[in-house]
Amino acid sequence: MIIRIMGNLLSSLPKTIHASLGLALIVFLGLFYGNGGFDFDTIFWSWLTRLVHVTVSIMWIGLLWYFNFVQIPNMTKIPDEQKPAIGKVIAPAALFYFRWAALLTVVSGLILSYLNGYLHDAMTLGAGGKSTAIGIGMWLGLYMAFNVWFIIWPNQKKALGIVECEPDVKAKSARTAMLFSRTNTLLSLPMLLSMVAAQNLY
């Protein structure tokens, strides 16, 4: 009975996500009432924004690494007759979550830094210490998100045939998208290091 219920639940992604949200809510309520409640003040909204920020950033960087560690290196090993399944189905779906997760990461990060009072210092790399560290991470993240929306995605649309173009333009666009995706991979570890350093070393 339990196995059948779990099988039905886990066979559907929407049901799985809804169940995950439900479990998260139960954990939150347990923490809320177990600690005598929380004030719905700036600290609470900062926590909630950070939760959103971390969640969407996992989606963004996870897909970035999927493209660079899994999809791109293995495309040459896939038979030509099977490649349309990647280009027409998997890649467009992955790119949808990839680009919107990048945007939500930036928006939630800016809101978070505003709520915590370090937006100006971080963006100007001033005040030293934590503000400088988080500022480096924020600027790297902004540049990476710019690449996603204004270089990678427009070129991927041509490479995947979403936008019609000549074969030579299609090939050039595919390489451009790959190089800037690889650039984001190059910057991902320094960006993550700066973010984690700001939270734990200062």
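Residues numbered from 1 in each chain as written. Predicted model: local features only at pLDDT ≥ 70, side-chain atom pairs only at ≥ 80, totals over all residues. Heavy atoms only, no water.

### Side note on the overall build of the chain
- In terms of regular secondary structure, the chain is built from seven helices and zero strands.
- Along the chain, from the amino end to the carboxyl end, the secondary structure elements read α-α-α-α-α-α-α.
- Across its three principal directions, the C-alpha atoms of the chain cover 60 × 60 × 25 Å.
- In the chain, buried positions account for 32% of the 202 residues.
- Carbon together with sulfur atoms contributes 72% to the accessible area of the chain, which is approximately 12,700 Å² in total. (Helix = DSSP H or I, 4+ residues; strand = E, 2+ residues; numbered from the N terminus. Buried < 20%, exposed > 50% of the residue type's maximum accessible area, 1.4 Å probe, protein only. Areas by Shrake-Rupley, 256 points an atom, 1.4 Å probe, with all protein chains shown as cover.)

### So, the nonpolar core
- Of all hydrophobic cores here, the largest spans 29 residues; its most connected members are Trp60, Phe98, Ile134 and Met144.
- Every element with two or more residues in this core is listed here: α3 (42-74), α4 (83-115), α6 (129-159) and α7 (167-200).
- No other element matches the nine residues that α6 contributes to this core.
- Beyond its immediate sequence surroundings of up to four residues, Phe98 is in contact with Trp60, Leu63, Leu64, Phe67, Val148 and Ile152. (Core = buried A, V, L, I, M, F, W, Y, C linked by side-chain atoms within 4.5 Å. Contact = heavy atoms within 4.5 Å.)

### Digging into the packing of aromatic side chains
- Under the criterion given, the structure shown has 16 aromatic pairs.
- Taking 6.1 Å as the distance between ring centres and 50° as the angle between the ring planes, the aromatic pair formed by Phe28 and Phe38 counts as tilted. One end of the pair, Phe28, is in helix α2 (residues 13-34); the other, Phe38, is in the loop between α2 and α3, with ten residues separating them in the sequence.
- For Phe38, a relative accessible area of 33% gives the class partly exposed.
- Ring centres of Trp65 and Phe69 lie 6.2 Å apart, and the angle between their planes is 75°; this geometry places the pair in the edge-to-face category. (Phe/Tyr/Trp six-rings, centres within 6.5 Å; stacked < 30°, edge-to-face > 60°.)

### Comments concerning the side chain of Gln71
- As for its position among the elements, Gln71 is in helix α3.
- The residues touching Gln71, leaving out its near neighbours within four places in the chain, are Tyr66, Ile86, Ile90 and Ala91.

### Section: unusual backbone geometry
- Notably, Leu125 is not glycine yet its phi reads approximately 60°, a positive angle.
- The residue Leu125 is located in the loop between α5 (119-123) and α6 in this model.
- Backbone geometry at Ala127 places phi at a positive 75°, although glycine is not the residue there.
- By secondary structure assignment, the location of Ala127 is in the loop between α5 and α6.

### Description of the environment of Trp45
- By secondary structure assignment, the location of Trp45 is in helix α3.
- Put simply, Trp45 and Ala85 are 40 residues apart on the chain and 42 Å apart in space, counted from C-alpha to C-alpha.
- Apart from residues lying up to four places away in sequence, Trp45 is in contact with Phe40 and Leu115.

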